[in-house]
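Structural description and commentary
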Amino acid sequence: MTARRTQQERRDQASAALLEAAAELVVEEGVRAVTLARVGERAGYSRGLVTHHFGGKQALLEQLARTTQTGFVPGLDTLPPGLDRLLRLIDGYLAQLSEPDVLSRAFLVLWAESMTAPELAPIFRERDQAFRDDLRHEIAAGISEGDIRADADPEQLAVAIVGQLRGIALQCLLDPAAVEPAALCRCAAEVWKRALS
């Protein structure tokens, strides 16, 4: 006999299915294809449930952006802040490009579209700021520990790392055959290790 799911479990499952449906629409047709009705239909639910869970399209896109950027590098939290953790983050980001899931691809499509979509720009400015903040923290910790050279500029390095990672990811999305994630992992880690040590 199967145990009955709790209301919270049903809610979490519906929310995950709705986010997955929204991600699929973004990847297939772009942000303009995302409507509450289409998301509900794609997930097998009503538009009313999408509204109940997210309120509106903007909140749905915000949650999609946050969900797609959470915990993408397993094991990172077991390392102390500093150079090794920074290199692991870079390696993990690039490694996940070898088999990107629909949520990862949706994040990149949304990120690229945020340049011309006013409803997306604030979301992705905030997401990129949070990413740069995390990187700055790792760089500053590495400077404090002596793993990263003392004259390194955490602010500028964070911008450069985000630019490199997002640029590679977009190239992978546009032309997967042109990008070899495994080779890039080794190359990027070595480049950043030399630049920071």
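Residues numbered from 1 in each chain as written. Predicted model: local features only at pLDDT ≥ 70, side-chain atom pairs only at ≥ 80, totals over all residues. Heavy atoms only, no water.

In the annotation of an unreviewed UniProt entry, the entry for the protein chain reads TetR/AcrR family transcriptional regulator, and the organism field reads Amycolatopsis albidoflavus.

1. Structural notes on the environment of aspartate 134
Residue placement: aspartate 134 occurs in helix α7 (residues 121–145). Relative accessible area serves as the criterion here: at 46%, aspartate 134 is assigned to the partly exposed category. Each C-alpha atom of the pair aspartate 134 and leucine 86 lies 9.3 Å from the other, and the pair is 48 residues apart in sequence. (Helix = DSSP H or I, 4+ residues; strand = E, 2+ residues; numbered from the N terminus. Buried < 20%, exposed > 50% of the residue type's maximum accessible area, 1.4 Å probe, protein only.)

2. So, the UniProt feature "DNA-binding region" (unreviewed entry) in the protein chain
The UniProt record annotates "DNA-binding region" (unreviewed entry) at residues 35–54. What you have in residues 35–54 is 80% helix and 0% strand, and the ends, taken at the C-alpha atoms, are 12 Å apart. (UniProt positions renumbered as here; feature names shortened; annotations may be inferred.)

3. Some remarks on helix α8 (residues 154–174)
Taking 1.5 Å per residue, 21 residues should reach 30 Å; α8 reaches 30 Å between its end C-alpha atoms and fits that length. Within α8, the full set of buried residues consists of Leu157, Ala158, Ile161, Val162, Leu165, Arg166, Ile168, Ala169 and Cys172. Down the axis of α8, the buried side of the element spans an arc of 155°, and every buried residue falls inside it. The elements touched by buried residues of α8 are α5 (83–95), α6 (102–113), α7 and α9 (181–196). Regarding α8, its N-cap is aspartate 153, as a side-chain oxygen of that residue lies 3.1 Å from the backbone nitrogen of glutamate 155 further along. (Expected span 1.5 Å × (residues − 1). Arc of directions from axis to C-beta. Contact = heavy atoms within 4.5 Å. Polar contact = N/O pair within 3.5 Å; in protein donor to acceptor, adjacent residues only side chain to side chain.)

4. Let's talk about the packing of aromatic side chains
According to the stated counting rule, one finds two aromatic pairs in the structure shown. Geometrically, the ring pair formed by tyrosine 93 and phenylalanine 131 is stacked, given 5.9 Å between the ring centres and 15° between the ring planes. Within this pair, whereas tyrosine 93 is found in helix α5, its partner phenylalanine 131 is found in helix α7, the two being separated by 38 residues in sequence. Considered together, tyrosine 93 and phenylalanine 131 belong to a single accessibility category, that of buried residues. (Phe/Tyr/Trp six-rings, centres within 6.5 Å; stacked < 30°, edge-to-face > 60°.)

5. Some points on the pattern of salt bridges
Evaluated as defined, the whole model comprises 11 salt bridges. The closest approach of N and O atoms between glutamate 29 and arginine 38, which form a salt bridge, is 2.8 Å. One connected set of salt bridges, linked through shared partners, spans Glu24, Glu28 and Arg42. (Salt bridge = Lys/Arg side-chain N within 4 Å of Asp/Glu carboxyl O.)

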